[in-house]
Structures are given as structure tokens and as C-alpha cells.
There are 2 protein chains.
Amino acid sequence: MLKNQTIPKATVKRLPLYYRYLRILFDSGKQKVSSKELSEAVKVDSATIRRDFSYFGELGKRGYGYDVEKLLDFFAKTLNDDRLTNVALVGVGNLGNALLKYHFHQSNSIRISAAFDVREDIVGKIVDGIPVYPISDMEEQIRIQQIDIAILTVPADKGQENAEKLVAAGIKGIMNFTPARLTVSSDILVQNVDLTNELQTLIYFLNHYKKEQTGE
Amino acid sequence: MLKNQTIPKATVKRLPLYYRYLRILFDSGKQKVSSKELSEAVKVDSATIRRDFSYFGELGKRGYGYDVEKLLDFFAKTLNDDRLTNVALVGVGNLGNALLKYHFHQSNSIRISAAFDVREDIVGKIVDGIPVYPISDMEEQIRIQQIDIAILTVPADKGQENAEKLVAAGIKGIMNFTPARLTVSSDILVQNVDLTNELQTLIYFLNHYKKEQTGE
DNA sequence: CTTTCTTGTGACCATTTTTTCAATTTCACA
DNA sequence: TGTGAAATTGAAAAAATGGTCACAAGAAAG
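Residues numbered from 1 in each chain as written. Chains lettered and ligands numbered in written order. Predicted model: local features only at pLDDT ≥ 70, side-chain atom pairs only at ≥ 80, totals over all residues. Heavy atoms only, no water.

S.K.: I'd like to hear about the sheet that holds strand β2 (residues 60-61) of chain B, residue by residue, with values.
M.R.: All names here are of chain B. In spatial order, the strands read β1-β3-β2; together these three strands make up an open sheet with antiparallel pairing. Edge positions in the sheet fall to β1 (32-33) and β2, since each of these pairs with one other strand and no more. For β1 and strand β3 (residues 65-67), the ladder comprises two bridges, and the chain directions are antiparallel. Looking at the pairing, K32 lines up with D67 of β3. (Pairing = 2+ DSSP bridges. Helix = DSSP H or I, 4+ residues; strand = E, 2+ residues; numbered from the N terminus.)

Spelled out as C-alpha cells, the structure:
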């Protein structure tokens, strides 16, 4: 047992995956699950799964497996999915619009509760139940709604300035869809999601690696 | 010099990042660049950059740095960005629609050249210059247009079946936006992009790691 | 009570990052 | 042109991180 350590990043990135499949199992009425079965569903080696789980303590029972409900509850708490997390979105363009309609909340306790944009034709509107505010309201709304995560979907050349506004407004984590690499104070977490990069990487693997797995 | 080896995955994932910034430098007229300068722009340690580059040979000059144009040309070739790559998109919903309008082609030689969906109200239409075909045309179009990469943006419960159709049609790589973990033959490359996972991971880091970087 | 199943983990292996520094080049200036 | 200081790469070595094997230990099932 390896409790009280910090969980490896690689492990953390797999937790939502486990969590999602556990919910499916629970909803289908299953009571127990083995690392082998989980492995086939989420495509992660069973030893890796057991190792991942072991960072959190002895969650399973030898010769039996893991109790689905117990594990599900545990991960819900671990992933903060037992309470609502409000998220802001900045930049209601093509991608921003799609994300507003993405319904994270359908299966998780995450919801976009405020959107921001500069365009006059969209500010003041309500998109899929989410109000779109002008950038000037950012600080106020983020404070009132106690939001500390933002999704950044503005054009590349507006990425840095909007990131700075978000940080000034008190945001602690940014999911950055712009190709710009943001410069922010080191206590702000930035998660880059760069679709072009992902495609280019896939193309490279396809042309050079042939017959292998690329992972995430 | 470490030529003729396969390039580490971690390195490949950073190549598009370098490539993008080199293009910016080139467009601004810069002739040379050092790993240190590059490091600040792309937020990757300069030693890591030098190591990454060294897998491809001795691209730089000691005491000088790297020649921007030479490096840019080299990466364009390496990333296959010197010729057009056609990509298919399956599932013209919210996200699919946004991706159709994403204009990968603006700054790279990647373009979505065919979309597929089941909905009658959209099949036959042209979205942002891209024709939307019925699923039944998939095999034909993918063959004719010699497409070997597809973006999968269908609902979660349609992910597996559409992946199978894509594979049957001859696709070699799939960028999977559904939360489903696809089961495909091992010579098919799958790149998973799970937005909910990314958000949940960010939330976890925010609550547990405080003041650290999460990287990609 | 024996067989089967399955976890948790030590030991090992692989990959990735970082440190360090010799080798090389540039540059300023005499 | 010659010389020393500053800049910068490339790579060896070390450190950190992540993944897998293999098996003892415990639990379940017959």
C-alpha cells in the first residue's frame, strides 16, 4: 500500500476513464469487477490498473475483484464528482458554441455556467441555457459564481490576453484550445488541447510507426 | 547523433509545436533561433528541445543556434506537411460541425474533404465547402479520395459501429472524440480526445497538486 | 481441502527528462 | 588579423517517471 503519496500524473489521467466505465457497470447492475475485465473495456493493461488503484489504498479483495459501488463512490469523491463544478467558457465561436452544447453535466457534475465573448450579436443571448456575458463582466461573474476553471476557445491571437484576464479574475485552471502556449504564473494550471497538433501527430505515427499503438 | 532510430513518442508529440512556432519565426523574418528562445515560446525545456532535434541528426550549429528556414523545411517534410492530407469526418453534430469549420488547412496541409452522417436533413448539404455524404457512401468516398484518417464525432453509443465501418472502408487512423474506447485491429491507430476526461483531470490536479504544471 | 481466481507489490525494464560539460562558433575589440 | 569572452549545441550520464512481469497471499467455490 502506497498511501499518502502524490498520485502519478499518468495515473490521474486514467482515473476519469475508470470512473466512466464503473458508472456503466453500476448502472447495468453489476456488483463486482476484476482488473482483467476493466482492462478489456478501457484498454489499459490490468497490472497498470491494479497499480493505479493501489496508490489509493487496498480497494479490492483478493480472489474476488473490486466492489463496483464502493469503487464508484470512491472515484466520485476523488474526482470531485460528488459536487457541482462550474466552468466558464471564453470565446463563443464555432468550437465554443459546440462546447456550450456538449452537456458535460449529463453524466458528470461539471457544467459550463457562464460564457464570455466580445461579439455584440451574441452577448446578452442565452445559448443552450448558458448566458453569454461581455468580457467586461468576467471578473464579476467569476467571483459571484465561484468559478475557478475556464475553457479558452478564442482565436489564437487573442489567447494570451484572455488568459491574462481570466487569471486576473481569479481563475486557477485553463483548458486551452488555442494553439498559443500561454504564459501564466506558475500556480495556474494549463491543460492544452491542440486539435491540429493531435492530427499532425497521428499523421506522423501513421507514416512512420506502422502497426503500433499511440496511446492517448 | 542518433539517426536511424525510431523517434520517441514523447518527441513526436512535440514536433507540431516546434513546427508551428518555426513558421511564426520564419514569417516574421527571423533567420536563426536558439533552443533557449524556442523553449520560452513553446514552454518545453531547452535541453529537451535539443535532445528532440538530435534524434533527427545534427540540425544546429554550436555557438549559433538553428537556421529557421532549414529547420522549418525539415519539419514540414517530417510532418508530411509538404503535401495535402485529406481527412474524413463522421458525425456532423455539434462538435462535428465545429470541426468542419475549423480550417485546419489555413495553416497546414490538412483538410477535411468529406463528412458523413445519418441525418437526412444534413446529408447532401455542403457545410463550409465540405460535402456531407450518407454513411452508405463511406466506402466509396474514402477509396476515391484516398483518405486514411478519420475524425469520429458521433454519439458515444455509435462510436464502435462507426469505427468498424471506417476500418472496413480502409481507414488507418482514427481521431476518436467519443468517450468509447474503440476495439479495432492492432494496425489501426486510435488517438483518443476525451474532453470530459481532460476537464476531470484538470479538476483533480487543481484540487490535489496545487502549484504545479500538468503538461499536455 | 483442493482448485481456481484475483489482488497487491517487489523487482525489473523502458521511456523520458534533466544535468552537466566538452566542443564549437560567434563576436567584440585591440 | 588575433585573442579571449560569451553563446550555444550535442551527447553522455544520471535521475525521474512510468509500465510490466511474476508470484505470494488471500478469498471464493466446489
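More follows now that the structure is in view.
S.K.: If you had to explain the nonpolar core to someone new, which residues and values would you point to?
M.R.: If you look at the biggest cluster of nonpolar residues, it comprises 106 residues, and the most contacted ones within it are F53 and I151 of chain A together with F53, F75 and I151 of chain B. For F53 of chain B, the contacting residues outside a window of four places in its chain are Y18, L38, L59, Y66, L71 and F75 of chain B. (Core = buried A, V, L, I, M, F, W, Y, C linked by side-chain atoms within 4.5 Å. Buried < 20%, exposed > 50% of the residue type's maximum accessible area, 1.4 Å probe, protein only. Contact = heavy atoms within 4.5 Å.)

S.K.: Which residues make up the relation of the copies chain B and chain A, and what values go with them?
M.R.: Once chain B has been moved 0.0 Å along the axis and rotated by 180°, it coincides with chain A to within an RMSD of 0.1 Å. Here the transformation between the copies is reduced to the relation of a two-fold axis. The C-alpha atom lying nearest the rotation axis in chain B is that of A98 of chain B; the distance is 3.2 Å. When the interface residues of chain B are mapped onto chain A, 100% of them again fall at the interface, so both copies present the same face. (Least-squares fit on C-alpha atoms with pLDDT ≥ 70 in both.)

S.K.: How would you sum up the packing of helix α1 (residues 9-27) of chain A against helix α2 (residues 35-42) of chain A? Please name residues and give values.
M.R.: To characterise two packed helices, one gives the angle between the axes of the helices and the distance between these axes. Residues and elements named next belong to chain A. Between α1 and α2, the shortest axis-to-axis distance is 10 Å and the interhelical angle comes to 110°. Judged by the angle between their axes, α1 and α2 are roughly perpendicular. Counting all contacts with α1, which are made through L17, Y18, Y21 and L25, the residues of α2 involved are E37, L38, A41 and V42. Considering only residue class, the contact of α1 with α2 consists of seven nonpolar, no polar and one charged. (Axes fitted to C-alpha atoms, helices over the stretch in contact; angles between N-to-C directions. Parallel < 35°, antiparallel > 145°, perpendicular 65-115°, else oblique. Nonpolar A, V, L, I, M, F, W, Y, C, P; charged D, E, K, R; others polar.)

S.K.: Account for the sheet that holds strand β3 (residues 85-90) of chain A, naming residues and giving values.
M.R.: A sheet is described by the order of its strands in space; here seven strands give the open sequence β5-β6-β4-β3-β7-β8-β9 (chain A), paired in mixed fashion. With partners counted over all chains shown, the strands left at the sheet margins are β5 (126-127) and β9 (189-192) of chain A, one partner each. Contacts from helix α7 (residues 159-168) of chain A reach β3, β7 (149-152) and β8 (173-176) of chain A, with the element oriented near 165° to β7 of chain A. Where helix α8 (residues 195-208) of chain B meets the sheet, it contacts β3, β4 (110-117), β7, β8 and β9 of chain A, and its direction lies at approximately 155° from that of β8 of chain A.

S.K.: Please provide a residue-by-residue account of the packing of aromatic side chains, values included.
M.R.: Residues and elements named next belong to chain A. One pass over the structure, following the stated rule, counts 18 aromatic pairs over all chains. Aromatic side chains Y102 and F104 sit 4.8 Å apart centroid to centroid with 50° between the ring planes, which places their arrangement in the tilted category. Among the aromatic residues, those joined into a cluster by ring pairs are Y18, F53, F56, Y66, F74 and F75. R23 extends its terminal NZ or CZ atom over the ring of Y19, reaching a point 4.7 Å from the ring centre. A cation over an aromatic ring shows up here: K32 above the ring of Y64, its NZ or CZ 4.9 Å from the ring centre. (Phe/Tyr/Trp six-rings, centres within 6.5 Å; stacked < 30°, edge-to-face > 60°. Lys NZ or Arg CZ within 6 Å of the ring centre and 35° of its normal.)

S.K.: An account of unusual backbone geometry is needed here, citing residue identities and associated values.
M.R.: Even without glycine at this site, D128 of chain A takes up a positive phi of about 50°. If you trace the backbone, D128 of chain A turns up in the loop between β5 and β6 (130-134). For D128 of chain A, a relative accessible area of 40% corresponds to the partly exposed category. One non-glycine residue, H103 of chain B, lies in the positive phi region at around 55°. Along the polypeptide, H103 of chain B turns up in the loop between α5 (94-100) and β5 (110-117).

S.K.: I'd love a proper account of the interface of chain B and chain A, names of residues and values included.
M.R.: The partner chain A presents 71 residues to the 71 residues of chain B that form the contact. Summing the contributions of chain B and of chain A, the shared interface buries around 7,000 Å²; its carbon and sulfur component is 61%. Among the residues of chain B in contact with chain A, R181, L189 and Q191 of chain B are the three that bury the most area, contributing 10% of the side total. The tally of links between chain B and chain A comes to six residue pairs in polar contact (both at pLDDT 80 or more). Put simply, the parts of the chain that give the side of chain B that touches chain A at least two residues each are α1 (9-27), α2 (35-42), α5, β8 (149-152), β9 (173-176), β10 (189-192) and α8 of chain B. Element by element, the count of residues in the side of chain B that touches chain A is highest for α8 of chain B, at 14 residues. (Buried area = accessible area lost by both parts, 1.4 Å probe. Polar contact = N/O pair within 3.5 Å; in protein donor to acceptor, adjacent residues only side chain to side chain.)

S.K.: Explain the pattern of salt bridges residue by residue, including any values.
M.R.: All names here are of chain B. This structure, assessed with the given rule, holds 12 salt bridges over all chains. A salt bridge links D81 to R23; the nearest nitrogen and oxygen atoms lie 3.9 Å apart. One end of the pair, D81, is in the loop between α4 (68-78) and β4 (85-90); the other, R23, is in helix α1, and 58 residues separate them in sequence. Just as D81 is buried, R23 falls in that class too. In this structure, K30 and E37 form a salt bridge, with 2.8 Å as the shortest nitrogen-oxygen distance. Taking the relative accessible area as the measure of exposure, K30 reaches 33% and is therefore partly exposed. A relative accessible area of 25% means that E37 is categorised as partly exposed. (Salt bridge = Lys/Arg side-chain N within 4 Å of Asp/Glu carboxyl O.)

S.K.: Account for the packing of α1 of chain A against helix α4 (residues 68-78) of chain A, naming residues and giving values.
M.R.: All names here are of chain A. Contact geometry for α1 and α4: axes closest at 9 Å, N-to-C directions at 140°. On the basis of their axis angle, the class for α1 and α4 is oblique. The chirality of how α1 crosses α4 is left-handed. Residues L15, Y19, L22, R23, L25 and F26 of α1 lie in contact with α4, whose contacting residues are V68, E69, L71, L72, F75, A76 and T78. Classifying every residue of the contact of α1 with α4 by side-chain character gives 10 nonpolar, one polar and two charged. (Left-handed = near helix turned anticlockwise from the far one by under 90°.)

S.K.: Go over the domain arrangement of chain A with me, naming the residues and quoting the values.
M.R.: With domains assigned, chain A is organised as domain 1 (9-78) and domain 2 (85-196). For domain 1 of chain A versus domain 2 of chain A, the separation of C-alpha centres amounts to 31 Å. (Domains from an automatic or database assignment.)

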